[in-house]
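# Fold and geometry: a report
The primary structure of each chain is shown beneath.
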Amino acid sequence: MGTRSTNDPIFQPVTINGLTFKNRIIRSSLGGRIDYYDGSMSDARIAWDRQFARGGVSAIISSNAGIRTDGIAVPGYAAIDHDRTIPSWRALVREIHKYDCHYIIQLHFSGRQRDLARKEYVGVPGMSATGKPDLLHGLRARQSTAAEIHDVVRDYGQAARRAREAGADGIEIVACNGYLLHQFLSSAINERTDEYGGDLRARARILLEVIAAVRAAVGRDFFVSVKLSGRDDHNAWTAPFERAVGNTIEDSMAVARWLAEAGLDAIHLSQGDSFPHPRIPAGSFPTDEARISYAVMYYEGTRVPTNIFMMNFALLRRLIEWNWGRRMPYKRGGKLLPEAIEGMSQADAAKIKEAAGLPVICVGGWQTAGPIRGALAAGHCDVISIARGLLANPDLVHRFAEGQNAPDKPCTYCNKCAVNALRHPLACWEESRFESRERMFEEAYRIFQEAAVGVHGGE
Ligand SMILES: Cc1cc2nc3c(=O)[nH]c(=O)nc-3n(C[C@H](O)[C@H](O)[C@H](O)COP(=O)(O)O)c2cc1C
Ligand code: SF4
């Protein structure tokens, strides 16, 4: 192994709105049920995020943090829905800063895509830009009133203020993957006939109002990014009879331009109009694991019982797996092509970057130094964000710094981490990556043990 050269694009610092990233790799959001049921933060969260800061990334984007109680995606994710959450976020940020790493809090509102409702919201449809349930699970929705939209916009501002008061280095607003702001943006989802529905500009209105509210709350000198889906590739790909296509890359380029004019600092480019989606996180859909975890959603959506019924039969499980991502360039003859997954969004990232003139953070399958360098050197994006590659190998950046091109045990894109997240702790659940099954469990539960002995004085 060699040592990194000083002109390696991965290790060139970059400054965005006064925030200097010491290298070009950040950890993307990874939501997991490692906090308390009501959204209060646990010490396990601090131990969890700390491992990535130790591993050398220049910034961490938090798991999705609900800006309001009824917007929380899954109970057990730390929320930012109240001023009483500020001290715990502050403790987390302080811990991460010890490793010369920035902390960006992801502000989130689920809308209809509330995978697991907290007890008080069981059976209550999520507010949305449509009254129709989502195609994947049948999660119930209702059209929000204009007054409710104004309240949500205000609440984004409040959550942004809390993030700044907690000492975070910035915020990211989720407007992708089928969550509330994307439900408004998407031509396939938004059915409103008022000023928040219709043409693209009207559908983007709520997002632009959120940016204005956030800027009013945090000022101009605070990093604000939006996670945006480049293209929807509507559930025509997961729901065979769905014909609506959704937003195109050209639509997203126009939205990116408006966001730049509204005072945004960066765009984090995601893909797809649901989560999960064959484009994000790209790879397999492991039904053998999914059916066990998915059972917790039985009463959440009208389609869940049918999906679970199908997953009970091996043949139908194989059919679901075949259908998942079959139209994606990373699958051939039913087999995954890992090299086609890595960086699969970079062409779209380049288009968004050119359209908006803003720095772009590109996510999607990254875990090898060569392709990462290539994308940065070509100027397709400014920053690379990694979720599963770092979940599998939290010290990836240090390995790159030592001259290693790829981790010894890379992420296999099996997506077992994603499908387990509803029920089990957030971890890499791909047994083939570990010496033994016991080692996999030890690793998955390590953060709880670190938290139990105290994360604050641990170092
Ligand atoms: C278990 C899991 C949880 C995730 N949670 C979030 C989340 O809370 N917010 C978000 O914006 N993206 C979330 N994502 C998506 C990732 O941030 C990332 O966009 C996606 O996995 C693609 O990147 P990758 O190929 O590097 O994994 C999650 C992904 C996984 C696998
Ligand atoms: S379970 Fe592990 S190997 Fe599989 S996608 Fe997640 S991080 Fe990668």
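Here's what I pulled together on the structure shown here. (Residues numbered from 1 in each chain as written. Chains lettered and ligands numbered in written order. Predicted model: local features only at pLDDT ≥ 70, side-chain atom pairs only at ≥ 80, totals over all residues.)

## What about the overall build of the protein?
Going by this rule: For helices the rule is a DSSP run of H or I covering at least 4 residues; for strands it is a run of E covering at least 2, with both sets numbered from the N terminus onward. Only C-alpha atoms enter the radius of gyration; for comparison, a globular chain is expected to reach 2.2 Å times N to the power 0.38, where N is the number of residues. Residues with at least 20 other C-beta atoms within 10 Å of their own are called buried, those with 12 or fewer are called exposed, and the rest are partly exposed. The C-beta atoms themselves are positioned from the backbone.
Of regular secondary structure, the protein possesses 17 helices and 15 strands. By the compact-globule yardstick of 23 Å for 459 residues, the protein fits well, its C-alpha radius of gyration being 20 Å. Based on the C-alpha atoms only, the size of the protein along its principal axes is roughly 60 × 55 × 45 Å. Counting over 459 residues, the protein shows a buried share of 54%.

## What to know about helix α3 (residues 146-165)
Convention followed: Given the number of residues in a helix, its expected span is that number minus one, multiplied by 1.5 Å. Throughout, a residue-residue contact means that the two C-beta atoms, derived from backbone geometry, are no farther apart than 7 Å.
Between its first and last C-alpha atoms α3 spans 29 Å; for 20 residues at 1.5 Å apiece the expected length is 28 Å, and the two agree. Those residues of α3 not exposed but buried are Ile149, Val152, Tyr156, Gly157, Ala159, Ala160, Arg162 and Ala163. On the buried face of α3, the contacting elements are α2 (86-97), β6 (102-108), β9 (170-175) and α6 (205-218). Looking one or two places after α3, you find Gly167, whose phi comes out positive at around 90°.

## Brief notes about the site of ligand 2
Convention followed: Nearness here is judged by the C-beta atom: place it from the backbone, and if it falls within 6 Å of a molecule or strand, the residue counts as near that partner. As a working rule, the residues Ala, Val, Leu, Ile, Met, Phe, Trp, Tyr, Cys and Pro are called nonpolar, Asp, Glu, Lys and Arg charged, and the rest polar, with Gly in that last group.
Among the 14 residues in the neighbourhood of ligand 2, the closest are listed as Cys411, Cys414, Cys417, Cys428 and Glu430. Contributing elements (two or more residues each) for the shell around ligand 2: α14 (388-392) and α16 (416-420). By residue number, the principal contributor to the shell around ligand 2 is α14, which donates 3 residues. Split into classes, the residues belonging to the shell around ligand 2 amount to 8 nonpolar, 2 polar and 4 charged.

## Things to note about the nonpolar core
Using the following cut-off: Only buried residues count toward a nonpolar core: Ala, Val, Leu, Ile, Met, Phe, Trp, Tyr and Cys, linked into one set through C-beta atoms within 7 Å.
Core analysis: the largest hydrophobic core is formed by 124 residues, its most contacted members being Ile60, Leu107 and Ile267. No other element matches α6, which puts 8 residues into this core. Setting aside anything within four residues of it in sequence, one finds Ile267 in contact with Ser225, Val226, Leu228, Ala256, Leu259, Ile352, Ala356, Leu358 and Val360.

## Remarks on the packing of helix α1 (residues 43-54) against helix α17 (residues 437-452)
Formally: Angular values range over 0 to 180 degrees, each being the angle between N-to-C directions of two axes fitted as lines to C-alpha atoms, with helices fitted over their stretch in contact. Each angle receives one of four descriptions, namely roughly parallel if under 35 degrees, roughly antiparallel if over 145, roughly perpendicular if within 65 to 115, and oblique otherwise. In this scheme the crossing of two helices becomes right-handed for a clockwise turn of the near helix relative to the far one and left-handed for an anticlockwise turn of less than a right angle.
For the pair α1 and α17, interaxial distance at closest approach is 8 Å and the crossing angle is 120°. Classified by the angle between their axes, α1 and α17 sit oblique to one another. Considering only the axes of α1 and α17, their crossing is right-handed. Residues Asp43, Ala44, Ala47 and Trp48 of α1 touch α17, and the partners they reach there are Ile447, Phe448, Glu450 and Ala451. Split into classes, the residues belonging to the contact of α1 with α17 amount to 6 nonpolar, no polar and 2 charged.

## Remarks on the site of ligand 1
Close to ligand 1 lie 24 residues, the nearest being Ser28, Ser29, Gly31, Ala387 and Arg388. Elements with a minimum of two residues in the shell around ligand 1: α14 and α16. Of the residues in the shell around ligand 1, the class split is 12 nonpolar, 10 polar and 2 charged.

## Description of the pairing of strand β11 (residues 266-270)
Strand residues, when the strand is regular, have side chains that alternate between the two faces of the sheet. We count it as follows: Note: two strands are recorded as paired if DSSP finds a minimum of 2 bridges between them.
Burial runs high along β11: 5 of the 5 residues are buried. Alternating positions in β11 separate into two faces, Ala266, His268 and Ser270 on one and Ile267 and Leu269 on the other, with burial throughout. As paired strands, strand β10 (residues 223-229) and β11 are joined by 5 bridges and run parallel to one another. Residue pairing for β11: Ser225 is matched across the bridge by Ala266. Sheet topology note: the β11/strand β14 (residues 360-363) ladder contains 3 bridges and is parallel. Residue His268 lies in a different strand from β14, and its bridge partner there is Ile361.

## Points about the pairing of β10
Counted residue by residue, β10 has 7 buried out of 7 residues, so it is predominantly covered. Across the two faces of β10 the burial is the same, with Phe223, Ser225, Lys227 and Ser229 and Val224, Val226 and Leu228 all buried. Two elements, β9 and β10, share 6 bridges in a ladder whose sense is parallel. Among the inter-strand pairings, Gly170 is bridged to a residue of β10, identified as Phe223.

## Comments concerning the environment of Val226
Tracing the backbone through its elements, the reader meets Val226 in strand β10. Overall, the presence of 28 C-beta atoms within 10 Å leaves Val226 in the buried class. In this structure Val226 touches Ile173, Ala175, Leu259, Leu264, Ile267 and His268, once residues within four positions along its chain are discounted.

## Some points on the environment of Gly230
In this structure, Gly230 sits in the loop between β10 and α7 (249-261). Judged by local crowding, Gly230 falls into the buried class, with 28 C-beta atoms found within 10 Å. Separated by 90 residues in sequence, Gly230 and Arg140 have C-alpha atoms that sit 25 Å apart. Contacts of Gly230, omitting those with residues within four sequence positions, involve Ile249, Ser252, Leu269, Gln271, Ser345, Asp348 and Ile352.

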